[in-house]
Amino acid sequence: MTELKFLGHACFLLKNDKVTLLFDPFLTDNPISAASAGEIDCQYILVSHAHADHLGDAVAIAKRTGATIVSTAEVARLCAEQNVKAHAMHLGGKHGFEFGFVRITPAFHGSGVPGGHACGFIVNFFGKIIYHAGDTAIFGDMALLGRLESIDAALLPIGDNFTMGPQDAAEAAHMLQPKLVIPMHYNTWPLIAQSPEAFQEDVQTRFKIPVKILHPGEATELK
Ligand code: NI
Ligand code: MN
C-alpha cells in the first residue's frame, strides 16, 4: 500500500512499509502544519527550492534521522555544508534510488540560493508516479512531462501570487493528464487564500480529471 499524506502547504509524506519520502518539509512556523518536525521519520527529503516555506525543517530532520536530501546542486550544497547527506541533481536529470527514480523537472520560480534553480519532481515510487510541481508558473512543457511519464498523482500549487493560481493549475492538469490531481500551496496565509472546491469543480467538469482535496493531516492511498 502506498500512502500520500498532506502535512500542509507543499509538504507531503509518501510512504509504504519499506521507504518514506518527505517533500518540502515546512512544518515549524507553518500555520497549517499537521505535524511537528521532531516526529517525522523518513529516509529521503526532496526539496524543491530553498525558500523557507519549502526548505523548512529539512536540515534538522536530516540531521536527526540520517535522511538524504535530494535537490538541485546549489540547494544540495547548501544542505551538505550543514553536515547532512545530500544528493545533488539538476533539471532534466533522472537518478535511480532504492524506491524507483527521481526525475528533476523545471519550475519557473526563484531558487532561494544564489545561482540556483527551483525545481519540481517526478518520482517513481515502487511503480507509482507522483509529480510534485514545486512552486512554479504554468509552462507548456508540462504537456511533455505528461507524455514522458504516466502520472498517477499530480500535486499542483493553486495559491496564486507566488505560483500558479487555480485557472493556470487547471490548464496544467489538462496538459499533464494525471490520474489524480491534489491541490497544494494555498490557504497557508491570507495572501494565497483559494477555494480548492471551486478548483476541483472546474477541473472535474471541464477536463474530467479527478481532484482530491486533502486537508492538512489527511492521507490518500495511491492505487
Ligand atoms: Ni518559493
Ligand atoms: Mn512557496
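Computed from a prediction, not measured in an experiment: that's the story for all the values here.

Analysis parameters
- Residues numbered from 1 in each chain as written.
- Chains lettered and ligands numbered in written order.
- Predicted model: local features only at pLDDT ≥ 70, side-chain atom pairs only at ≥ 80, totals over all residues.
- Heavy atoms only, no water.
- Pairing = 2+ DSSP bridges.
- Helix = DSSP H or I, 4+ residues; strand = E, 2+ residues; numbered from the N terminus.
- Axes fitted to C-alpha atoms, helices over the stretch in contact; angles between N-to-C directions.
- Donors = N, O, S within 2.8 Å, 3.2 Å for Na, K, Ca; no water.
- Phe/Tyr/Trp six-rings, centres within 6.5 Å; stacked < 30°, edge-to-face > 60°.
- Buried < 20%, exposed > 50% of the residue type's maximum accessible area, 1.4 Å probe, protein only.
- Lys NZ or Arg CZ within 6 Å of the ring centre and 35° of its normal.
- Tetrahedral: all angles 85-135°; square planar, octahedral: opposite > 155°, others 65-115°.

Draft legend 1. Highlighting the sheet that holds strand S9 (residues 119-125). The strand order across the open sheet built from 6 strands is S7-S8-S9-S10-S11-S12, with neighbouring strands paired in mixed fashion. Every interior strand has two partners, whereas the edge strands, strand S7 (94-97) and strand S12 (180-184), have only one. In this sheet, neighbouring strand axes are inclined to one another by 20 degrees on average, regardless of whether the strands run parallel or antiparallel.

Draft legend 2. Region of interest: the coordination of the manganese ion (ligand 2). Those donors, Asp53 (OD), His54 (NE2), Asp135 (OD) and His185 (NE2), are the protein atoms that reach the manganese ion (ligand 2), and they lie 2.2 Å from it. Ordering the donors of the manganese ion (ligand 2) by residue number gives the pattern D-H-x80-D-x49-H.

Draft legend 3. Here's a closer look at the packing of aromatic side chains. Under the counting rule described, the total for this entry stands at 9 aromatic pairs. Measuring from centroid to centroid gives 6.3 Å for Phe23 and Phe121, while their planes differ by 55 degrees, and the two rings are tilted. Residue Phe23 is located in strand S3 (residues 20-23), and its partner Phe121 is located in strand S9; the two are separated by 98 residues in the primary sequence. Note on Phe23: relative accessible area 0%, which makes it buried. Seen from their ring centres, Phe125 and Phe126 are 4.9 Å apart, and the 90 degrees between their planes marks the pair as edge-to-face. Taking the relative accessible area as the measure of exposure, Phe125 reaches 0% and is therefore buried. An aromatic cluster is present here, built from Tyr44, Phe97, Phe99, Phe125 and Phe126 joined pairwise through their rings. Looking at Lys94, its charged tip hangs above the ring of Phe101, at a distance of 4.4 Å from the centre.

Draft legend 4. Spotlight on the coordination of the nickel ion (ligand 1). Note on the nickel ion (ligand 1): its protein donors are His49 (NE2), His51 (ND1), His109 (NE2) and Asp135 (OD). The metal-donor distances range over 2.2 to 2.4 Å. Coordination at the nickel ion (ligand 1) comes from 4 donor atoms whose angles at the metal span 88 to 178 degrees, giving a geometry best classed as irregular. Between consecutive donor residues of the nickel ion (ligand 1), the sequence gaps follow H-x1-H-x57-H-x25-D. The distance between the nickel ion (ligand 1) and the manganese ion (ligand 2) is 3.3 Å, with Asp135 acting as a donor to both metals. Linking His49 in the loop between strand S4 (44-46) and helix H1 (52-55) with Asp135 in the loop between strand S10 (128-132) and helix H4 (142-148), this pair joins segments that are 86 residues apart in sequence. Residue classification places His49 among the buried positions, given a relative accessible area of 0%.

Draft legend 5. Seen up close, unusual backbone geometry. Despite not being glycine, Asn83 shows a phi value in the positive range, around 65 degrees. Positionally, Asn83 belongs in the loop between helix H3 (73-80) and strand S6 (86-89). Positioned with a positive phi, Asn161 is a non-glycine residue whose angle comes to about 65 degrees. Structurally, Asn161 can be placed in the loop between strand S11 (153-157) and helix H5 (166-176).

Draft legend 6. The pairing of S9, seen in detail. Of all 7 residues in S9, 7 are buried; the element is thus mostly enclosed. Here strand S8 (residues 100-106) runs beside S9; their pairing, made up of 7 bridges, is antiparallel. If you follow Gly100 over to S9, its bridge partner there is Phe125. Here 5 bridges tie S9 to S10, and the two strands are oriented antiparallel to one another. Of the residues in S10, the one forming a bridge with Val123 is Ile130. Connecting S9 to the next strand, S10, in antiparallel fashion are 2 residues, including Phe126 with a positive phi near 50 degrees.

It is worth stressing that arrangement in space is one thing and function is another; only the former is reported here.
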